[in-house]
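What follows is the residue order along each chain.
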Amino acid sequence: MSVPTAKLADPPISGGRVEALAGHVIRVLSRSPLARPVPAVALSSAGLAGTAFLGLCATPSQDSAVTPPVLLPLTALARRLGAPSLPVTVGDVIMDVSVALCCLGLAMMLWANSRGWTPDPRKLLWAASGVVAVLVNITPAGSADIASYAAYGRIAALGHNPYTWTPLRLPGGLSNPYTAVVSPRWRATPSVYGPVATWMHQLAAMIGGERPWLTIWVLMIATGAAFIAGGYLLLRTAANPSRALLLWAVNPLLIVELVLGGHLDTFVALLSLACVVLSRRRPGLWTDLGIGLLVGIAAALKINAVFVALGIAIPLLHDRAWLRLARTAAVSAVTVAALYLLTWGTTFLKPLSAASRLVIAPSGWRLAQLIVRDEFGEHALRLVTGVFGYLWPLLTLALAWYLYNRLSPDVPSVVAGTCALTFAWVIVAPWSMPWYASIAWITLALLPRNSLTRWLTLTTGVLALFHFNGRFPDQVTGPAP
C-alpha cells in the first residue's frame, strides 16, 4: 500500500526536556526512509522469525536458555527434519537480536502510520491470525511459565490444592513428566494465580493427561485465541482501528511475549479491554453489573486486575456517581470473594504474600537491596525489603497520576486512567516482567497518538531483553517465605 504524502499532525509533547528530546529524535527518524511499511514489516517479521526459530530448535533432553523442554507439533516436525540444537550462548544472541528487531519494527510501523499509512485493519487482523495459528504449534520461546501453568493444572486435576502443593510433590517427584518440564527455579513454588486461571490450567491438564506437551499445546491454542479476540474487540470499538491493531494484533513484541510465551496475561488483557469498553457505554444497572462481574473474573485470573478496577473507578469518583460506584464495587467484591474463598479458601494468601516480597533486577529496588545488604547485613535486607511492600504501591499511584496528566484531557478518563495505572505498575513494582504490560498496551490502543507509546515500547523491550527464561539466574531475590 502506498504512503500518502500528507503527514498527520504530531501529538503534543509534554513532560520536560527528556520528553522533548525523545520527541525530537523520533520525529527525525519518522521522516527517514525507515518510516515506510515495507522495511517496517520486514524487520517485524525477522524478529518474529528469530524467536520462532528458537522454538523450532527446542530440545527436550536439556534445559534450554529460552525454551521449556517440550516438543509441540511443528517443533517435533522440525526436529525430524534435522533442526539444529543451539548452544545456550547462541540462543541468547538470537533472542536479543530478535527482541531488538521486534522493537524497531514496531516503531517503524508506527512511524509509517504517523505519516499516513493506514493499512486495512481487517487485513491486519487476518494476518495476525495466520501468524498466531502457526506460532501456537511451536514450543514456547522466551519463557517457561506455561510449563508451571501445566504443572498447577495437573496438581488440580489430581485433586490436590495448587496453592499448597508444588510441582515437586507430584507423584514421582523429578521423574514426573510435568515436574521435569518446570523450570528448576519454580519447582518448589505453589501457584500464585487466581482460581479461574487454575480452572483453565486444570481443564488443559485433563485433556493432556500424562502428556505435558499436550497440556501446554492446549494452553498455547487458548492463549492465541484470546490474543486474536482482543484484536477483534479493538477492531470493533477503537476510534482508529488501524493504529489499534498495529499496537496490539500485529505488534511483534506482544506476539513474542504473549503468544509465543503462552502467558496468562493475554486473558487478563482481554477481560480488561471488555471492562473498559463496557464502561464507556450508556450507564445503567445491567452495565454496572456486567462491569463488576468482568472485573471480578479478571481479578480471579491475576490479582493485578485491581488496577483495572481503579481505572474504572476514576471517572465514577470524578462524576460523584456514588450509586454506580457502589454497585459495581459490590459485584466485583462478591465475585472475587466467591471465586477465591469458595474454591480453595484462603490458602492462596500465603504464596501470594511470598511472591509480593520478591525483587528482581534491573529495578531500583534491587539496587537498594544490594546497598543495604553490603552495608548493614542480611537482617537489614529483610527489613528494607518489607518496607518496599508499603512504598511501591504509593509510588505507583504517584507515577500514574503524572502519566495520566501527560495525556490529553479530551481522551476518556477510564481508558487513560487504566493505561496510566498499569503502565506505572510495570515501571515501579519490585517484580516486573515484559508480559505484565499487556493491559497497558491494549488500553493504549484505544487512545489517540501520544508520547506514552514510545516509553511503553522502550520499557517492554528492556524487560524482554532482561527476562527471557534462563537469563540472570541470580536476580530473583527476597526474604524466604
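### Thoughts on the overall build of the protein
Within the protein, the secondary structure is distributed over 21 helices and zero strands. Out of the 481 residues belonging to the protein, those deemed buried represent 54%. In the protein, the proportion of contacts linking residues at least 24 apart, taken out of those at least 6 apart, comes to 77%. Only carbon and sulfur atoms are counted for the fraction: they give 68% of the accessible area of the protein, which is about 20,500 Å².

### Description of the side chain of Arg-324
Along the chain, Arg-324 turns up in helix α15 (residues 322–341). If sequence neighbours within four positions are ignored, Arg-324 has contacts with Pro-283, Asp-288 and Leu-316.

### Some thoughts on unusual backbone geometry
You will see that Arg-320, though not glycine, has its phi angle at about 55°, which is positive. For Arg-320, the location among the structural elements is in the loop between α14 (306–318) and α15. With relative accessibility at 63%, the residue Arg-320 sits in the exposed group.

### A few points about the packing of aromatic side chains
Two aromatic rings, taken as a pair, are described by how far apart their centres are and by the angle between their planes. Within the structure shown, the criterion is met by 10 aromatic pairs. Plain terms: the ring middles of Trp-401 and Tyr-404 are 6.1 Å apart, the flat faces sit at 20° to each other, and that makes the pair stacked. Note that Trp-401 and Tyr-404 are positioned in helix α18 (residues 378–406) at a spacing of three residues, about one turn of the helix. On the accessibility criterion, Tyr-404 (23% relative accessible area) is partly exposed. Between Trp-425 and Tyr-436, the aromatic rings sit 5.2 Å apart at their centres with planes inclined by 10°, giving stacked as the arrangement. You can see Trp-425 sitting in helix α19 (residues 413–428) and its partner Tyr-436 sitting in the loop between α19 and α20 (438–444), a full 11 residues away along the chain. For the pair Trp-425 and Tyr-436, one class covers both residues: buried. The structure contains a cluster of three or more aromatic residues connected by ring pairs, namely Phe-307, Trp-425, Trp-435 and Tyr-436.

### A look at the nonpolar core
Membership of the largest hydrophobic core comes to 136 residues, with the highest contact counts inside it found for Ile-216, Phe-227, Leu-234, Trp-248, Leu-301, Trp-441 and Leu-444. A per-element tally of this core places helix α4 (residues 88–114) first, with 12 residues. Residues in contact with Ile-216, not counting those within four places in the same chain, are Val-70, Leu-72, Pro-140, Ile-146, Ala-147 and Ala-150.

### Side note on the confidence of the model for the protein
In this model, the protein carries a mean pLDDT of 86, and residues with pLDDT of at least 70 account for 89%. The low-confidence segment residues 1–14, where pLDDT is below 50, has 34 contacts with residues more than four positions distant or belonging to other chains. Taken together, the stretch residues 472–481 has pLDDT below 50 and engages in 29 contacts with residues farther than four places along the chain or on a different chain.

### A closer look at the packing of helix α2 (residues 37–56) against α4
Taken N-terminus to C-terminus, the directions of α2 and α4 make an angle of 155°; their axes are 7 Å apart at the nearest point. By the angle between their directions, the pair α2 and α4 is classed as roughly antiparallel. For the element pair α2 and α4, the recorded crossing hand is left-handed. Among the residues forming the contact of α2 with α4, the class breakdown is 18 nonpolar, seven polar and no charged.

### So, a nonpolar patch on the surface
A grouping of Leu-383, Val-387, Leu-391 and Leu-395 is seen on the molecular surface, where their side chains present a nonpolar patch of about 340 Å² in accessible area. A relative accessible area of 57% means that Leu-383 is categorised as exposed.

### A word on the packing of α4 against helix α21 (residues 452–466)
Where α4 meets α21, the axes come as close as 9 Å, and the angle between the chain directions of the two elements is 170°. What the angle tells us is that α4 and α21 run roughly antiparallel. Of the residues in α21, those touching α4 at Asp-96, Val-99, Cys-103, Leu-106 and Leu-110 are Thr-453, Thr-457, Gly-461, Ala-464 and Leu-465. Counted by class, the contact of α4 with α21 contains six nonpolar, three polar and one charged residues.

### A closer look at α21
Here α21 is 15 residues long and its end C-alpha atoms lie 21 Å apart, about the 21 Å a rise of 1.5 Å per residue gives. Residues Leu-452, Thr-453, Arg-454, Leu-456, Thr-457, Thr-459, Thr-460, Gly-461, Leu-463 and Ala-464 constitute the buried set of α21.

### Some thoughts on the side chain of Ser-44
Relative to the helices and strands, Ser-44 resides in helix α2. One polar contact links the side chain of Ser-44 to the main-chain carbonyl oxygen of Gly-105, over a distance of 3.5 Å. Other than its neighbours up to four places away in sequence, Ser-44 contacts Leu-101, Gly-105, Leu-106, Met-109 and Pro-252.

### Observations regarding the pattern of salt bridges
Inspection of every chain in the model, using the stated rule, returns three salt bridges. For Arg-324, the salt bridge identified is with Asp-288, shortest N-O distance 2.8 Å. Of this pair, Arg-324 sits in helix α15 while Asp-288 is found in helix α13 (residues 285–299), placing the two residues 36 residues apart along the sequence. Beyond isolated ion pairs, a larger network of salt bridges with shared partners links Asp-288, Arg-324 and Arg-327.

What counts and how
Residues numbered from 1 in each chain as written. Predicted model: local features only at pLDDT ≥ 70, side-chain atom pairs only at ≥ 80, totals over all residues. Heavy atoms only, no water. Helix = DSSP H or I, 4+ residues; strand = E, 2+ residues; numbered from the N terminus. Buried < 20%, exposed > 50% of the residue type's maximum accessible area, 1.4 Å probe, protein only. Contact = heavy atoms within 4.5 Å. Areas by Shrake-Rupley, 256 points an atom, 1.4 Å probe, with all protein chains shown as cover. Phe/Tyr/Trp six-rings, centres within 6.5 Å; stacked < 30°, edge-to-face > 60°. Core = buried A, V, L, I, M, F, W, Y, C linked by side-chain atoms within 4.5 Å. pLDDT = per-residue confidence, 0-100. Axes fitted to C-alpha atoms, helices over the stretch in contact; angles between N-to-C directions. Parallel < 35°, antiparallel > 145°, perpendicular 65-115°, else oblique. Left-handed = near helix turned anticlockwise from the far one by under 90°. Nonpolar A, V, L, I, M, F, W, Y, C, P; charged D, E, K, R; others polar. Patch = residues over 30% accessible without salt bridge, like charges linked within 9 Å, V, L, I, M, F, W, Y side chains within 5 Å. Salt bridge = Lys/Arg side-chain N within 4 Å of Asp/Glu carboxyl O. Expected span 1.5 Å × (residues − 1). Polar contact = N/O pair within 3.5 Å; in protein donor to acceptor, adjacent residues only side chain to side chain.

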